[in-house]
Amino acid sequence: MQDLVIRRPDDWHLHLRDGDMLKGVIADTSRHFARAIIMPNLVPPVVTAADAAAYRDRIVAAIPAGDRFEPLMTLYLTEGTDPDDVESGHKSGLVKAVKLYPAGATTNSNSGVRDIDKAMPVLERMAKIGLPLCVHGEVTTSDVDIFDREAAFIATVLDPLRKRLPELKVTMEHVTTKDGVDYIKASKANLAGSITTHHLIINRNAILVGGIKPHYYCLPVAKRENHRLALRAAAISGDARFFLGTDSAPHVDPLKECACGCAGIYTSINTMSCLAHVFEEEGALDKLEAFASLNGPAWYGLPVNEETITLRKQQEAVRYPAKIDTGAGLVTVFDPMFPLRWAVV
Ligand code: NCD
Ligand code: ZN
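Residues numbered from 1 in each chain as written. Chains lettered and ligands numbered in written order. Predicted model: local features only at pLDDT ≥ 70, side-chain atom pairs only at ≥ 80, totals over all residues. Heavy atoms only, no water.

As annotated in an unreviewed UniProt entry, the protein carries the name Dihydroorotase and comes from Ensifer adhaerens. Recorded under Subunit (unreviewed entry), the UniProt text for the protein is reproduced unchanged: "Homodimer." The UniProt entry for the protein carries this comment under Sequence similarities (unreviewed entry): "Belongs to the metallo-dependent hydrolases superfamily. DHOase family. Class II DHOase subfamily." (UniProt positions renumbered as here; feature names shortened; annotations may be inferred.)

Student: Quick rundown of the site of ligand 1? Include the residues and the values.
Tutor: Not every one of the 15 residues close to ligand 1 is listed here, only the nearest: Asn 41, Thr 106, Leu 219, Asp 247 and His 251. Measuring from an oxygen atom of ligand 1, one finds a backbone N or O atom of Leu 219 at 2.7 Å. One of the side-chain N or O atoms of Asp 247 is found 2.7 Å from a nitrogen atom in ligand 1. For ligand 1, the accessible surface in isolation is 310 Å², of which the surrounding protein chains cover 100%. When grouped by side-chain class, the residues that make up the shell around ligand 1 number four nonpolar, nine polar and two charged. (Near = heavy atom within 4 Å. Polar contact = N/O pair within 3.5 Å; in protein donor to acceptor, adjacent residues only side chain to side chain. Areas by Shrake-Rupley, 256 points an atom, 1.4 Å probe, with all protein chains shown as cover. Nonpolar A, V, L, I, M, F, W, Y, C, P; charged D, E, K, R; others polar.)

Student: Break down the pairing of strand 8 (residues 191–195) for me, citing the residues and quoting the values.
Tutor: Of all the five residues making up strand 8, five are buried; the element is thus mostly covered by neighbouring parts of the structure. Covered by surrounding structure in strand 8 are Leu 191, Gly 193 and Ile 195 together with Ala 192 and Ser 194, the residues of both alternating faces. With three bridges joining them, strand 7 (residues 170–172) and strand 8 adopt parallel strand pairing. Of the residues in strand 8, the one forming a bridge with Met 172 is Gly 193. Following the backbone out of strand 7, through helix 6 (residues 178–186) and into the adjacent parallel strand 8, one traces a crossover that is right-handed. By the bridge criterion, three bridges tie strand 8 to strand 9 (residues 242–244) in an arrangement that is parallel. When the bridges of strand 9 are listed, Ile 195 appears paired with Leu 244. (Buried < 20%, exposed > 50% of the residue type's maximum accessible area, 1.4 Å probe, protein only. Helix = DSSP H or I, 4+ residues; strand = E, 2+ residues; numbered from the N terminus. Pairing = 2+ DSSP bridges. Right-handed = clockwise from strand over helix to strand, strands pointing away.)

Shown next, in the form of structure tokens:
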């Protein structure tokens, strides 16, 4: 038996959904995590500060009694977003970031940004007030191969934007490529990246070898092995620019297991066990706390959590359910394809 005590972690990219799904998944996060950056891609999206306040209230109402969990709200950037609304939402303490979804990039992104010029007034205001922009870093044009979309986004959207507005703080969310890691490492300021649990564990073979495996399909899609290794190196490096954002994204099984399955992998329930496994495998258990509990708050200008959690390595594999029953339907849990021995106790 081996114990690892770390400060209570936060999740810097999480989909909680709404209604029955929200009620069915939130405990899997609030059990282990103190805070999470909540993605705004509901239908309709969370666009205004008033939308975010109402959504926060629904989340808070769904937190199980006894759990201490703070949802950190984001706004969904549209070409019509009002800079004054963003600023007052931020000043009130409600809005912690604004999310850029290129239109069509992923689940519920149709109201996203088509022409970044139209969003410049908001982005300029955010740069002025120090409010971070979270980006889904993929281009969506059909001429770019899906495996190249992150690199193309960096070259054609992100780098030009950062040159135009160097004071804007940008979180490159769910980095999936060596290109993304290298770009973040080369930056001098105002750029950080979140990394998901599953992108540290799977490469694209998990989706495509031996039949199509929809429960390993997410966006950005998992890439080649060399990219996974670059993500692992970044996550275990202790470099303060990299931190955990699970991108846990529940969809009910019928929407995953069909001719046009949704993107999204559900990892909230076993993320900490998976991460302890990965960091141990890399001989870097001492860096898990930086990745999951220290680097994120530093980037977002928030205090680190004072509470701790204990991870315990045991002989017996930890049993997680293959599916959770959410009330909205069954959601398949991420299967890392190796036994998990680290439990949160
Ligand atoms: C997310 C979802 O389902 O909302 N899906 C995913 O594969 N990650 C959207 C997103 O973050 O891209
Ligand atoms: Zn996401």
